[in-house]
Amino acid sequence: MGNHLALVTDETSLVIDYDMPLLLEACQAIGIRAEICSWRDPDIEWDRFDAVLLRSPWSYVESLKDFLEWCEYVTDVTYLFNPLPVVRWNLDKRYLADLAEAGVPVVPSGFVAPGTDAAQALRTFLDRHATAREIVVKPTVGAYSKDVQRFARSAQTEAAAYVAQLLDQGNHVILQPYMDSIDTYGETDLILFGGVYSHAIRKRALLLPDGTVDEPTQDARTVRDAAEDERAVAVAALDAAAAHLELQEPLLYSRVDLIRDADGQPLVLELELCEPSLSMPFSEASATRFAQVISARLEEISRTRKNGRS
C-alpha cells in the first residue's frame, strides 16, 4: 500500500511526452504502481491513487478553468504533485515579477493587462529598454511556444497590433527584450528532483528572425552540464518560489530555464514547476533518480496518513 501513482497526461500530449515511457518503466522497476491517466477522463476515480503527478496535461492551455477545477478536485481527494498553490502561481508568467522582487535575476519583463492601450504599453516598454533591437511578445499563460512572436524594434506597429489581439482575447501579455545570446549559446534548462540538481540540456533558439516559431522537438535539444553560475541562479529562483508560496519541503520536480544577458550573466527565462518536459532521454539515469524521489515522497504520504489515523 501507499505506492499507487497516477502519471497525468492527455490524449493529444502523450504522443510528444518522451519522458513518460522512461518514467513509467523506472517507477515500476522500484515497485511503484504507476498508471498513465488523462486528466480529461471523466471515468477515473482519482481518490484510488495515493498521489497524482502532473506530467504532460498540456492541453490545459485551451481550457485553463477546467484544468484548475480538476486540480482542485484532485487536491481534495488525494495528493497532487506539484501542489495546487504552485500550479496556480506557476501557470501564469506574471510569477516572474515575484521572482524579480525577491532579487532573482530574470529576463526583463513588462506586463500588459486587458483593457490597456497596447501601443502605449509597447512604447513605454521600448523606452525602458532602449538597447533592445528585438522584442518577444506572448500571453502570460501558454505552453510549447504557443502564440509567442518575435518582432524587430522597427516593427512597432505590427507588434502593437499583436499585443492588442492577445489582449482582445482576454490574455495578459508579457513583453521581453530578445536576448541575442540565445542564438549562439542557446538556453540552459536545469532539471531538479526534490530540490537536487539532476541534469541539464541546451535548447537552441526557437523564435526565428522571420517571426515564425520552430517546433520544440527533441532535435532542438542537446546534452549540457549546467555551469556553476547557472546552478546558483536556479537554486535562488527555487528558494524564492518556496518562500513566496510558503512551501514546507522542496518541490518534487522543477525545471529552471536560463539564458545569458549581454554581459554573460544567467537570467531566469522561465520557472517550470507544473508540467515541464524533463528531458529524461538526455540523461540516462534521470528517470531512476526521479522515481526514487517519488518513492520517498510516497512513503512520507503513507506515514502521514498512518499518523493521522492513530
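Residues numbered from 1 in each chain as written. Predicted model: local features only at pLDDT ≥ 70, side-chain atom pairs only at ≥ 80, totals over all residues. Heavy atoms only, no water.

1. Observations concerning the pairing of strand E3 (residues 51-54)
So, point 1. Going residue by residue along E3, you find Ala-51 and Leu-53 tucked away on one face and Val-52 and Leu-54 tucked away on the opposite face as well.
So, point 2. Pairing of strand E1 (residues 4-9) with E3 involves four bridges; the strand directions are parallel. Bridged to Val-8 within E3 is Leu-54.
So, point 3. Across three bridges, the pairing between E3 and strand E4 (residues 79-81) is parallel. Among the inter-strand pairings, Leu-53 is bridged to a residue of E4, identified as Phe-81.
So, point 4. For the segment spanning E3, helix H2 (residues 64-77) and E4, crossover handedness is right-handed. (Buried < 20%, exposed > 50% of the residue type's maximum accessible area, 1.4 Å probe, protein only. Helix = DSSP H or I, 4+ residues; strand = E, 2+ residues; numbered from the N terminus. Pairing = 2+ DSSP bridges. Right-handed = clockwise from strand over helix to strand, strands pointing away.)

2. Regarding the sheet that holds strand E6 (residues 134-139)
So, point 1. One open sheet accounts for four strands, arranged E5-E8-E6-E7; its pairing is antiparallel. Of all the strands in the sheet, the pair left with one neighbour each is strand E5 (110-112) and strand E7 (149-152). On average, each strand axis in the sheet is tilted by 25 degrees relative to the strand beside it, whichever way the strands run.
So, point 2. Note: E5 against strand E8 (residues 173-177), three bridges, orientation antiparallel. (Axes fitted to C-alpha atoms, helices over the stretch in contact; angles between N-to-C directions.)

3. Description of the sheet that holds strand E9 (residues 187-193)
So, point 1. Strand order in the open sheet formed by five strands is E11-E10-E9-E12-E13, and the pairing between neighbours is antiparallel. Bordering the open sheet on either side are strand E11 (221-223) and strand E13 (266-272), each of which pairs with just one other strand. With strand direction ignored, the average angle separating the axes of adjacent strands in the sheet is 30 degrees.
So, point 2. Here seven bridges tie E9 to strand E10 (residues 196-203), and the two strands are oriented antiparallel to one another. When the bridges of E10 are listed, Phe-193 appears paired with Val-196.
So, point 3. Contacts from helix H7 (residues 228-245) reach E9, E10, strand E12 (253-260) and E13 within the one sheet, and its direction differs from that of E13 by about 45 degrees. (Contact = heavy atoms within 4.5 Å.)

4. Some words on the pattern of salt bridges
So, point 1. Taken as a whole and assessed by the stated rule, the structure comprises 18 salt bridges.
So, point 2. Measuring nitrogen to oxygen at the nearest pair gives 3.8 Å for the salt bridge that ties Asp-189 to Arg-255. Taken as a pair, Asp-189 in strand E9 and Arg-255 in strand E12 lie far apart in primary sequence, 66 residues in all.
So, point 3. Of the residues examined, Asp-189 reaches a relative accessible area of 1% and is grouped as buried. (Salt bridge = Lys/Arg side-chain N within 4 Å of Asp/Glu carboxyl O.)

5. A short note on unusual backbone geometry
So, point 1. The peptide bond linking Phe-81 to Asn-82 adopts the cis configuration, its omega dihedral lying at -15 degrees.
So, point 2. Mapped onto the elements of the fold, Asn-82 is located in the loop between E4 and helix H3 (84-90).
So, point 3. Of note, the phi angle at Glu-246 is positive, near 55 degrees, even though the residue is not glycine.
So, point 4. Looking at where Glu-246 falls in the secondary structure, it is placed in the loop between H7 and E12.
So, point 5. Residue Ser-279 is not a glycine yet carries a positive backbone phi of 50 degrees.
So, point 6. Relative to the assigned elements, Ser-279 resides in the loop between E13 and helix H8 (286-309).
So, point 7. Residue Ser-279 is classed as buried on the basis of its relative accessible area of 2%.

6. Points about H7
So, point 1. Counted at 1.5 Å a residue, the expected span for H7 with its 18 residues is 26 Å, and the 26 Å between its end C-alpha atoms agrees.
So, point 2. Listed in full, the buried residues belonging to H7 are Glu-230, Val-233, Ala-234, Ala-237, Leu-238, Ala-240, Ala-241 and Leu-245. In an axial view of H7, the angular spread of the buried residues amounts to 155 degrees, which keeps them on one side of the axis. Turned more than 90 degrees from where H7 packs its buried face, Glu-228 and Ala-243 sit exposed.
So, point 3. Check the buried side of H7 and you find it contacts H3, helix H4 (95-101), E9, E12 and E13. (Expected span 1.5 Å × (residues − 1). Arc of directions from axis to C-beta.)

7. Looking at a nonpolar patch on the surface
So, point 1. A surface patch of nonpolar side chains, amounting to about 280 Å² of accessible area, comprises Val-15, Ile-16 and Tyr-18.
So, point 2. Residue placement: Ile-16 occurs in the loop between E1 and helix H1 (20-29).
So, point 3. Judged by relative accessible area, Ile-16 falls into the partly exposed class, the value being 33%. (Patch = residues over 30% accessible without salt bridge, like charges linked within 9 Å, V, L, I, M, F, W, Y side chains within 5 Å. Areas by Shrake-Rupley, 256 points an atom, 1.4 Å probe, with all protein chains shown as cover.)

8. A word on the packing of aromatic side chains
So, point 1. Scanning the model with the defined rule gives 10 aromatic pairs in all.
So, point 2. Geometrically, the ring pair formed by Trp-46 and Trp-70 is edge-to-face, given 5.2 Å between the ring centres and 80 degrees between the ring planes. Taken as a pair, Trp-46 in the loop between strand E2 (33-38) and E3 and Trp-70 in helix H2 lie far apart in primary sequence, 24 residues in all. Judged on exposure class, the residue Trp-46 and its partner Trp-70 are both buried.
So, point 3. Lying over the aromatic face of Tyr-253, Arg-55 brings its terminal NZ or CZ to 5.5 Å of the ring centre.
So, point 4. Positioned above the aromatic ring of Tyr-185 is the side chain of Arg-224, whose terminal nitrogen or guanidinium carbon lies 3.9 Å from the ring centre. (Phe/Tyr/Trp six-rings, centres within 6.5 Å; stacked < 30°, edge-to-face > 60°. Lys NZ or Arg CZ within 6 Å of the ring centre and 35° of its normal.)

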